[in-house]
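Below are the chains, spelled out letter by letter.
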Amino acid sequence: MHSMNRKEYKKKIIVTGGFGFIGSNFLNKFVLKYPEYLFINVDCMTYAANKKNVTVSRKPNYAFEKTDIRDLKSLEKVFKKYKPTDTIHFAAESHVDISIENPAIFVETNIIGTHNLLMLAKKYSLNRHYQVSTDEVYGSLKKNDKPFTTSSPLAPNSPYSASKAAADMLVRVYFKTFGMNTVISRCSNNYGPNQDKTKLIPRFISLLLSNKKVPLYAKGENIRDWIYVEDHIDAIDKIFHKGKPGGIYNIGGNCELSNMEITKKLIAITNKDESYIEYVSDRPGHDFRYAIDNSEIYKKLGWKPRYSFKEGLVKTFENMTKGK
């Protein structure tokens, strides 16, 4: 289907982890926006992947390859088959609690998988490698600390964030040493349609709708900066097209909320009361606060978040409850 007209595409982009939460939202929007680009979804279908997440699978400029980025040989077959021009790398193990139980899979997927992509991007002279990272690489802030900037030192506190920081360092090396055109973006906590049910917002909504209590760590004082997934993918689109080679961009939602504040909003939207909160002991090395300064991406690329938390939460809730 793609072999006849493959040369006609302006770009052929390998999108790793396209059946995951953020990757699927990205594909659903940009396969439609850019019919002149071919998007090759490379996903190995872990627990976090769901084929139903991608609604554009019948479009002629979409292809799927079931491939594990940890497997260099099968990944290279995809490069040979499609002759990609760019990579946008979403695929990652991202669950902090699982990373504490089993750090090894995070090292394999997030570090070795990223390095496999970089080696192939270099070998086949790709135009750009885009690394989708996380604000967790910066570590934790105290209550009154200023938000992280892109020049903040990396100080990860979980096996997950350490593996992402290591991947970012490898991307930097391929830019500095090999002159490869790379960009990195580090985003705050995402929420929205297609998010894996183990994550806080969809998990708590699911539990509350089933009349079950929600487990809140410690006193719920930990603070996160939240961003609606569509704002994140719009920023990725801007950075992919206009970001400077070697650039690092922070994508923040300008929306710091404590886990208790989030929980109360979820209780309100599901018509429950605070008797549904169950306090559980804190996770090891639980970062107190994340916040990132996104003024740089606003100044340089003109991006800022469009959705308020209230709007995003309503959209997320409607998406979870439709058809039930």
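Residues numbered from 1 in each chain as written. Predicted model: local features only at pLDDT ≥ 70, side-chain atom pairs only at ≥ 80, totals over all residues. Heavy atoms only, no water.

Take the overall build of the protein next. Of regular secondary structure, the protein possesses 10 helices and 12 strands. The globule rule puts the C-alpha radius of gyration for 324 residues at 20 Å, and the 19 Å found for the protein is close to it. When burial is assessed residue by residue, the protein has 53% of its 324 residues classed as buried. Taking as baseline every contact in the protein between residues at least 6 positions apart, the subset at least 24 positions apart corresponds to 82%. (Helix = DSSP H or I, 4+ residues; strand = E, 2+ residues; numbered from the N terminus. Rg over C-alpha atoms; globule rule 2.2 N^0.38 Å. Buried < 20%, exposed > 50% of the residue type's maximum accessible area, 1.4 Å probe, protein only. Contact = heavy atoms within 4.5 Å.)

So, about the nonpolar core. Counting residues in hydrophobic clusters, the biggest one holds 34 residues, and the most contacted among them are Phe26, Phe39, Ile88, Tyr130 and Ile251. Within the residue set of this core, elements represented by two or more residues are β1 (11-16), α1 (21-33), β2 (37-43), β5 (128-134), β6 (182-187), α7 (229-242), β10 (247-251) and α9 (295-301). (Core = buried A, V, L, I, M, F, W, Y, C linked by side-chain atoms within 4.5 Å.)

In this section: the sheet that holds strand β7 (residues 189-191). Read from one edge to the other, the open sheet built from three strands follows the order β7-β9-β11, with strand pairing classed as mixed. Either end of the sheet is taken by a strand with one partner, and the two such strands are β7 and β11 (256-258). Neighbour-to-neighbour, the strand axes of this sheet turn through a mean angle of 50 degrees, independent of strand direction. Of the strand pairs in this sheet, strand β9 (residues 223-228) and β11 are connected by three bridges, and their pairing is antiparallel. Each residue of the ladder has a partner; that of Ile223, found in β11, is Ser258. (Pairing = 2+ DSSP bridges. Axes fitted to C-alpha atoms, helices over the stretch in contact; angles between N-to-C directions.)

Close contact between helix α8 (residues 259-269) and helix α10 (residues 309-321) brings their axes to 12 Å; oriented N to C, the two are set at 50 degrees. The pairing of α8 with α10 is recorded here as oblique in orientation. Crossing of α8 against α10: the hand is right-handed. For the pair formed by α8 and α10, the contact residues are Ile262, Lys265, Leu266 and Ile269 on the first element and Phe309, Leu313, Val314 and Phe317 on the second. Residues of the contact of α8 with α10, tallied by class, amount to seven nonpolar, no polar and one charged. (Parallel < 35°, antiparallel > 145°, perpendicular 65-115°, else oblique. Left-handed = near helix turned anticlockwise from the far one by under 90°. Nonpolar A, V, L, I, M, F, W, Y, C, P; charged D, E, K, R; others polar.)

Per the stated rule, a full pass over the model turns up 15 aromatic pairs. Relative to Phe64, the ring of Phe19 lies with its centre 4.8 Å away and its plane at 65 degrees, an arrangement referred to as edge-to-face. Of the two residues, Phe19 sits in the loop between β1 and α1 while Phe64 sits in strand β3 (residues 62-66), which places them 45 residues apart along the sequence. Seen in terms of ring centroids, Tyr228 and Tyr307 are 4.7 Å apart; in terms of plane orientation they differ by 55 degrees. Their pairing is tilted. Taken as a pair, Tyr228 in strand β9 and Tyr307 in the loop between α9 and α10 lie far apart in primary sequence, 79 residues in all. With respect to burial, Tyr228 and Tyr307 carry one shared label: buried. Among the aromatic residues, ring-to-ring pairing joins Phe26, Phe30, Tyr34, Tyr37, Phe39 and Phe90 into one connected group. (Phe/Tyr/Trp six-rings, centres within 6.5 Å; stacked < 30°, edge-to-face > 60°.)

If you walk across this open sheet you meet the seven strands as β3-β2-β1-β4-β5-β6-β10, and the pairing is parallel. Pairing within the sheet leaves two strands with one partner each, and these edge strands are β3 and β10. Adjacent strand axes in the sheet meet at a mean angle of 20 degrees, parallel and antiparallel pairs treated alike. Inspection of the sheet shows β5 paired to β6 by six bridges, in the parallel sense. From the neighbouring strand, Tyr130 faces β6, where its bridge partner is Val183.

Another aspect to go through is the environment of Asp234. By the secondary structure assignment, Asp234 is in helix α7. Overall, the relative accessible area of 15% leaves Asp234 in the buried class. Spatially, the C-alpha atoms of Asp234 and Met119 are 27 Å apart, while their sequence positions differ by 115 residues. Here Asp234 is in contact with Lys29, Phe30, Trp303 and Arg306, once residues within four sequence places are set aside. At 3.3 Å, the side chain of Asp234 and the side chain of Arg306 are in polar contact. (Polar contact = N/O pair within 3.5 Å; in protein donor to acceptor, adjacent residues only side chain to side chain.)

Let's shift gears to the pattern of salt bridges. Tallied over the full model, the rule gives 13 salt bridges. Salt-bridge contacts for Lys29 lead to Asp234; the nearest nitrogen and oxygen are separated by 2.8 Å. Taken together, the residues span a long stretch of sequence, with Lys29 in helix α1 and Asp234 in helix α7 at a distance of 205 residues. Classification of Lys29 as partly exposed rests on a relative accessible area of 27%. One salt bridge in this structure joins Lys123 and Glu76, with 2.7 Å as the shortest N-O distance. Here Glu76 lies in helix α2 (residues 72-82) and Lys123 lies in helix α4 (residues 103-123), a separation of 47 residues in the sequence. Residue classification places Glu76 among the buried residues on the basis of a relative accessible area of 14%. Shared partners join several salt bridges into a network, and the residues in it are Lys29, Glu230, Asp234 and Arg306. (Salt bridge = Lys/Arg side-chain N within 4 Å of Asp/Glu carboxyl O.)

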